[in-house]
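# Residue-level structural notes
Each chain is listed here by its residues.
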Amino acid sequence: MNTPISDTFARQLKDQRGALLARVRARRGGAIGRADAAAQAREQASDDGAKASEERDLLIGLEERESAELVAIDAALQRIADGSYGLCLQCGASIPAARLHARPTADHCVGCQEAAERHSR
Ligand SMILES: [Zn+2]
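As the structure is a computational prediction, the values presented were derived from the model and not from experiment.

### A look at the coordination of the zinc ion
In a perfect tetrahedron of four donors around a metal, the angles come out at 109.5 degrees. In a perfect octahedron of six, they are 90 or 180 degrees. Taken together, Cys88 (SG), Cys91 (SG), Cys109 (SG) and Cys112 (SG) make up the full set of protein donors to the zinc ion, lying 2.3 Å away. Viewed at the metal, the four donor atoms of the zinc ion are separated by angles of 105 to 116°, and the geometry they form is tetrahedral.

### Quick word on helix H4 (residues 64-82)
Owing to its 3.6 residues per turn, the α-helix brings residues three or four apart onto one side. Counted at 1.5 Å a residue, the expected span for H4 with its 19 residues is 27 Å, and the 27 Å between its end C-alpha atoms agrees. Of all the residues in H4, the buried ones are Glu66, Leu70, Ile73, Ala76, Leu77, Arg79 and Ile80. Where H4 is buried, its residues touch helix H1 (4-29) and helix H3 (52-60). Directly beyond the C-terminal end of H4, a positive phi value near 85° is found at Gly83.

### Some thoughts on the pattern of salt bridges
All chains considered together, the criterion is met by four salt bridges. Put simply, Glu69 and Arg23 hold a salt bridge, and the shortest N to O gap is 3.8 Å. One end of the pair, Glu69, is in helix H4; the other, Arg23, is in helix H1, and 46 residues separate them in sequence. Among the residues examined, Glu69 registers a relative accessible area of 23% and is labelled partly exposed. Residue Glu63 pairs with Arg27 through a salt bridge whose shortest N-O separation is 3.6 Å. Of this pair, Glu63 sits in the loop between H3 and H4 while Arg27 is found in helix H1, placing the two residues 36 residues apart along the sequence. Exposure remark for Glu63: the relative accessible area of 39% places this residue in the partly exposed category.

Each value, and the rule that gives it
- Residues numbered from 1 in each chain as written.
- Predicted model: local features only at pLDDT ≥ 70, side-chain atom pairs only at ≥ 80, totals over all residues.
- Heavy atoms only, no water.
- Donors = N, O, S within 2.8 Å, 3.2 Å for Na, K, Ca; no water.
- Tetrahedral: all angles 85-135°; square planar, octahedral: opposite > 155°, others 65-115°.
- Helix = DSSP H or I, 4+ residues; strand = E, 2+ residues; numbered from the N terminus.
- Expected span 1.5 Å × (residues − 1).
- Buried < 20%, exposed > 50% of the residue type's maximum accessible area, 1.4 Å probe, protein only.
- Contact = heavy atoms within 4.5 Å.
- Salt bridge = Lys/Arg side-chain N within 4 Å of Asp/Glu carboxyl O.

Next comes the structure, spelled out in structure tokens:
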């Protein structure tokens, strides 16, 4: 899926990723304001490689939930890159756009997600 729609989700995912890292940075640094941190994170997200080691350092400070969120974001970005974004990992059905808008990292259709959640309880 390489359409303007997936571009929209890619941007949304990158913003979400930047905001997540900014939250961690703000928690650790404390000094910089949230808006500054978010702007900084966005800059760094587009600055490949150069800031990679700082990012790795930040990742150590992630809580488990945040780390899982980051993994989900990166996986979604990867699926956009390889064209499988928006398809259920379980059954291959298209995930409704409304669901993706609500949760851009969704990688299962509603049916499979609910089945997985029932299974894990
Ligand atoms: Zn499914």
